[in-house]
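Chains, contacts and geometry: an overview
Read off the chains here:
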Amino acid sequence: MLTSVPIPKNHPRAQSLFVREKLVEAFRKGVVVPEGLIAHGRGEAFDYILGEKTTDFARKAVRTAAAALILAKKPVISVNGNVAALASDKVIELSKVAGAAIEINLFYRTTKREVAIAKVLRNAGAGQILGVGENASSRIAEMLSERRRVDPEGILTADVVLVPLEDGDRTEALRKLGKTVIAIDLNPLSRTSLNASISIVDNVTRTLPLLTDGVKSLKGKKNIRKIAEDFNNQANLREAFAYLAKRLDKLSRGANDV
Ligand code: ATP
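Residues numbered from 1 in each chain as written. Predicted model: local features only at pLDDT ≥ 70, side-chain atom pairs only at ≥ 80, totals over all residues. Heavy atoms only, no water.

1. With respect to the nonpolar core
Membership of the largest hydrophobic core comes to 50 residues, with the highest contact counts inside it found for Val 79, Leu 94 and Ile 182. Of all the elements, helix H4 (residues 81-98) adds the most residues to this core, at 10 residues. Discounting chain neighbours no more than four positions away, the residues touching Ile 182 are Ala 65, Ala 68, Leu 69, Val 160, Val 161, Leu 162, Val 163, Ile 198 and Ile 200. With 13 residues, the next largest nonpolar core counts Ile 155, Ala 158, Ala 173 and Val 181 among its residues. (Core = buried A, V, L, I, M, F, W, Y, C linked by side-chain atoms within 4.5 Å. Buried < 20%, exposed > 50% of the residue type's maximum accessible area, 1.4 Å probe, protein only. Helix = DSSP H or I, 4+ residues; strand = E, 2+ residues; numbered from the N terminus. Contact = heavy atoms within 4.5 Å.)

Here is the structure:
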C-alpha cells in the first residue's frame, strides 16, 4: 500500500515525497526500521544543502570507486534495509557489472528482517545473497553491534567493500582489517565519510547508476591503477566542505540558486 494521499506529479517536492512513501511502505513490510526513516531524514537534509545533484567531487570519488571495484579480487556490496528499499535494482545492476557479491548486513538484525530484505532483492532479480541467517557465521572481533556478524564467503574475506548508508563503527573496523571501504553517504561529516577509503558524498540513488557506468567505461583501460592511487580522500572531503560553505555563502548573499 502506498500513500492514502496521492502525491500530485507537479508538486515541487514530488520526487522526495515519493521516496518517503517508498520507505514508509518498506517500513510496513519490516524491511526498514524506524531508525532507518530517521537516518533518511538526515540524508535528505544534507542533500538539500548539496543542491540535490551530484557534484564534481562526488564524480571524482565515483570514478575512483569504479577503479577500485575493477581492481578488486573480491568485491562485496553491503546492503541494509534503506538501500534495499531505495535501490535494489541499482545494487543488482552494479553487482553484475562489477562482479561483486551482495551481502545483507544490518545494525538492527533479526532473521525476519534479513529474510524480508532478501525477498526484496530477489524480487528485483538478485541471484545469490550472502549474510542471511546462519550464513552470517563469522564475527568481526573489533565490533560490538550486530553489524559484526558477517558471511565468511563475503565481507569477511572481501578486499573491497561498498558500504552505502553505513555506520561509522563498521567502516573503522573494516579499515582496521585492511579492506578498502567505499562509502556512499550524503553527510561528509559522518564518521563513515571521515574513515572510509573512498567517500562518495552523494545520494545512493544517484550514485549507484553512475558507479555502474563508471565500471563499464573504465573496464579494460590502462590507467585504472593510477586513478585509484591518485585519489586523496581527505582532500576530496575538504572539497565537499568548501562546496557546502560556498553554496550557503552565495545563498546568504541573495543568489536564487547556485
Ligand atoms: P556515523 O556513524 O558514520 O557518524 P551516522 O550515525 O549518521 O553516521 P547512520 O545513523 O547509520 O550513521 O546514518 C546513515 C547515514 O546515511 C547518515 O549519515 C545519512 O546522511 C546517510 N543517508 C541517508 N539516506 C541517504 C541516501 N539516500 N543516500 C546517501 N546517504 C544517505
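2. Observations concerning the packing of aromatic side chains
Evaluation of the coordinates by the stated rule reveals two aromatic pairs. Centroid distance Phe 57 to Tyr 243: 5.6 Å. Interplanar angle 70°. Geometry classified as edge-to-face. One end of the pair, Phe 57, is in helix H3 (residues 56-71); the other, Tyr 243, is in helix H10 (residues 233-252), and 186 residues separate them in sequence. The partly exposed category is assigned to Tyr 243, whose relative accessible area is 23%. For the pair Phe 107 and Tyr 108, a centre-to-centre distance of 4.9 Å together with 65° between the ring planes defines the contact as edge-to-face. Residue classification places Tyr 108 among the partly exposed positions, given a relative accessible area of 37%. (Phe/Tyr/Trp six-rings, centres within 6.5 Å; stacked < 30°, edge-to-face > 60°.)

3. So, the site of the ligand
Around the ligand sit 18 residues, and of these Arg 42, Gly 168, Arg 191, Thr 192 and Val 204 come closest. Contact between the ligand and Leu 186: a nitrogen atom at 3.1 Å from a main-chain N or O atom of the residue. Within the side chain of Thr 192, a nitrogen or oxygen atom sits 2.6 Å from an oxygen atom of the ligand. The protein chains hide 86% of the 630 Å² of surface that the ligand would expose on its own. Broken down by secondary-structure element, the contributors of at least two residues to the shell around the ligand are helix H2 (34-50) and helix H7 (191-195). Element by element, the count of residues in the shell around the ligand is highest for H2, at four residues. A class-by-class count of the residues in the shell around the ligand yields five nonpolar, seven polar and six charged. (Near = heavy atom within 4 Å. Polar contact = N/O pair within 3.5 Å; in protein donor to acceptor, adjacent residues only side chain to side chain. Areas by Shrake-Rupley, 256 points an atom, 1.4 Å probe, with all protein chains shown as cover. Nonpolar A, V, L, I, M, F, W, Y, C, P; charged D, E, K, R; others polar.)

4. Section: the environment of Asn 105
Here Asn 105 shows up in the loop between strand S2 (101-104) and helix H5 (111-123). Relative accessible area serves as the criterion here: at 0%, Asn 105 is assigned to the buried category. In sequence terms Asn 105 and Lys 250 are 145 residues apart; their C-alpha atoms lie 40 Å from each other. What Asn 105 contacts, discounting residues up to four positions off in sequence, is Ser 78, Val 79, Asn 80, Arg 147, Arg 149, Val 150, Ile 155 and Arg 170. Here Arg 170 takes part through its side chain, which lies 3.4 Å from a polar atom of the side chain of Asn 105.

5. Here we look at a nonpolar patch on the surface
A grouping of Leu 189, Leu 194 and Phe 241 is seen on the molecular surface, where their side chains present a nonpolar patch of about 260 Å² in accessible area. Position of Leu 189 relative to the elements: it lies in the loop between strand S7 (180-184) and H7. (Patch = residues over 30% accessible without salt bridge, like charges linked within 9 Å, V, L, I, M, F, W, Y side chains within 5 Å. Salt bridge = Lys/Arg side-chain N within 4 Å of Asp/Glu carboxyl O.)

Read these as layout, nothing more, since geometry by itself doesn't imply function.
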